[in-house]
Amino acid sequence: MTRTYRRLALAALLLALVVVSLGAYVRLSDAGLGCPDWPGCYGQLVGVPDEAHEIHAAEHRFGQPVEAPKAWKEMIHRYAAGLLGLAILALAVLAWRERGRRSPWLEVLLLAVVAGQALLGMLTVTRLLKPVIVTSHLLGGMSTLALLAVLVLRDMATRRAQAKVLPGGLRLLAALALLALFIQIALGGWVSSNYAAAICADFPSCQGSWWPEMDAHHAFTLDRELGATASGALLSGAALTAIHWTHRLFAGLVLVLAGGFGLRLLARAETRVYGQCLLTALLLQIGLGIANVLLQLPLALAVAHNTGAALLLCATLAATFRVFQRSEARQPYPAAGFTRHFQAVR
C-alpha cells in the first residue's frame, strides 16, 4: 500500500472515533432534533439561522423555535461525518486503482456502510428519534470504526515480521469476546436511544432489588416510537428497567469473556501488549459505567462511556486480528524433486 493510503486510513480511523464521540454528545445533550431537516439545518447547508430575519423565516417555515446551540451541535457532527465519508471515498478510489495487486472489496464494503449511515442519519431526523433507527445508526458508526481499524491492522500486519501461530482455543475465545462486545454495544445503544440509563440509580442492585419489576415484552419491541409501546401507549418504567438491567447483566458476560481473553493474552510474551491494552480498556469502561449510574449520568461521563466502548472495540479487534494471524502460508505438498529438508533450507 502507498504511504498516502496508510496515512489516510489512520487519519480516517481517528476521525471515525471523533465522529462516534460527537454522535454520542449530540444524542446525550438532546440535540438529535436540533435541525428538523436533513442534510441542511433549517434549509441552510452552511451554518444555522442566526440573523433575526433568518430565524423568523425558519420558524415560520418549520413551525418550531430555532435553538441555535443544539442546531450547531448537530451540524458539527454532520460536517465531521461528511469529512469522514470523503476520506473513505478516497480510500476506496485508491484501493480500486490497485485492484490488480490486491482486493479492494473491504474498502468498497466500507463505502457502502457509510452510504447506509447517511440514510440512517436522515431517518433519525425524519422519524423523530425512533429507537431502532437511532440504535442502528450507532451500530453503523461502530461498524465503520471497526472496518477502518481492520484496514489499519491489515496494513500493519503486512509490514511487520511474521508472527507465531497461536492456539485454536485462543481464537475461539477471541471470536466469542468480540461477538459479546458487539451485542453489548447494541444493548448500550438501545439503553441510550430509549433514555433508560437513569432508571436504576443504585449499583450493583437496581431500585434496591436484584431482580426489579421488568416488562421485557414492550422493552424489546423494535417497531415502536420513542417512549411508546407498539400500540402507542406510554412506555412503562418496568420496560425501561428491563432495558437497563439487561444491558447491565450482559456486561457481566462481556467481563468474563473479554477479561478471560485479555488474561490469556497477558500470559504469553508475544501477545502481552495486546492483553494489557484490552484489560485496560475493559476496566476503564466498567468504571465509567458504574460512575454513570452512581452519579446519575453527567454528560461528560456519558460521552466518555460511549467513547470507551469504541476504544474497547478497537482493542478487542486488534487482539483478535493478532490471534487469527498466521505466521506463514502452508504448502500441502513439497515441490517435485526436492526433499522436505532441502525445501526447509530453501
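Residues numbered from 1 in each chain as written. Predicted model: local features only at pLDDT ≥ 70, side-chain atom pairs only at ≥ 80, totals over all residues. Heavy atoms only, no water.

Caption draft 1: Structural view of the state of the cysteines. Scanning the model with the defined rule gives 2 disulfides in all. Between the sulfur atoms of Cys 35 and its disulfide mate Cys 41 the distance is 2.1 Å. Between Cys 35 and Cys 41 the disulfide shows an S-S torsion of about -90°. By sign, it is left-handed. Assigned by exposure class, Cys 35 and Cys 41 land together as buried. Disulfide pairing places Cys 200 opposite Cys 206 at an S-S distance of 1.8 Å. Where Cys 200 bonds to Cys 206 through sulfur, the torsion about that S-S bond is close to -55°, and the disulfide is left-handed. Taking the relative accessible area as the measure of exposure, Cys 200 reaches 0% and is therefore buried. Taken in sequence order, the bonded cysteines of the protein link in the pattern 1-2, 3-4. The thiol sulfur of Cys 277 is not disulfide-bonded, and the nearest other cysteine sulfur, from Cys 314, lies at 11 Å. (Disulfide = S-S within 2.5 Å. Buried < 20%, exposed > 50% of the residue type's maximum accessible area, 1.4 Å probe, protein only.)

Caption draft 2: Examining unusual backbone geometry more closely. Put simply, Trp 38 and Pro 39 share a cis peptide bond, and its omega is 5°. With respect to the helices and strands, Pro 39 occurs in the loop between helix H1 (3–28) and helix H2 (52–62). Here Leu 128, not a glycine, exhibits a phi torsion of approximately 55°, which is positive. Structurally, Leu 128 is set in the loop between helix H4 (105–126) and helix H5 (131–159). With a relative accessible area of 56%, Leu 128 lands in the exposed category. For Gln 296, which is not glycine, the phi dihedral falls at a positive 60°. Assignment of secondary structure puts Gln 296 in the loop between helix H9 (272–294) and helix H10 (299–324). (Helix = DSSP H or I, 4+ residues; strand = E, 2+ residues; numbered from the N terminus.)

Caption draft 3: Spatial organisation of the packing of aromatic side chains. All told, the structure shown has 2 aromatic pairs when counted by the stated rule. Geometrically, the ring pair formed by Tyr 42 and Phe 62 is edge-to-face, given 5.5 Å between the ring centres and 90° between the ring planes. In this pair, Tyr 42 sits in the loop between H1 and H2 while Phe 62 sits in helix H2, placing the two residues 20 residues apart along the sequence. Each ring, one from Trp 96 and one from Trp 105, has its centre 5.7 Å from the other, and the planes form 80°; the classification is edge-to-face. Judged by relative accessible area, Trp 105 falls into the exposed class, the value being 55%. Directly above the ring of Tyr 5 sits Arg 102, whose terminal nitrogen or CZ lies 5.0 Å from the centroid. (Phe/Tyr/Trp six-rings, centres within 6.5 Å; stacked < 30°, edge-to-face > 60°. Lys NZ or Arg CZ within 6 Å of the ring centre and 35° of its normal.)

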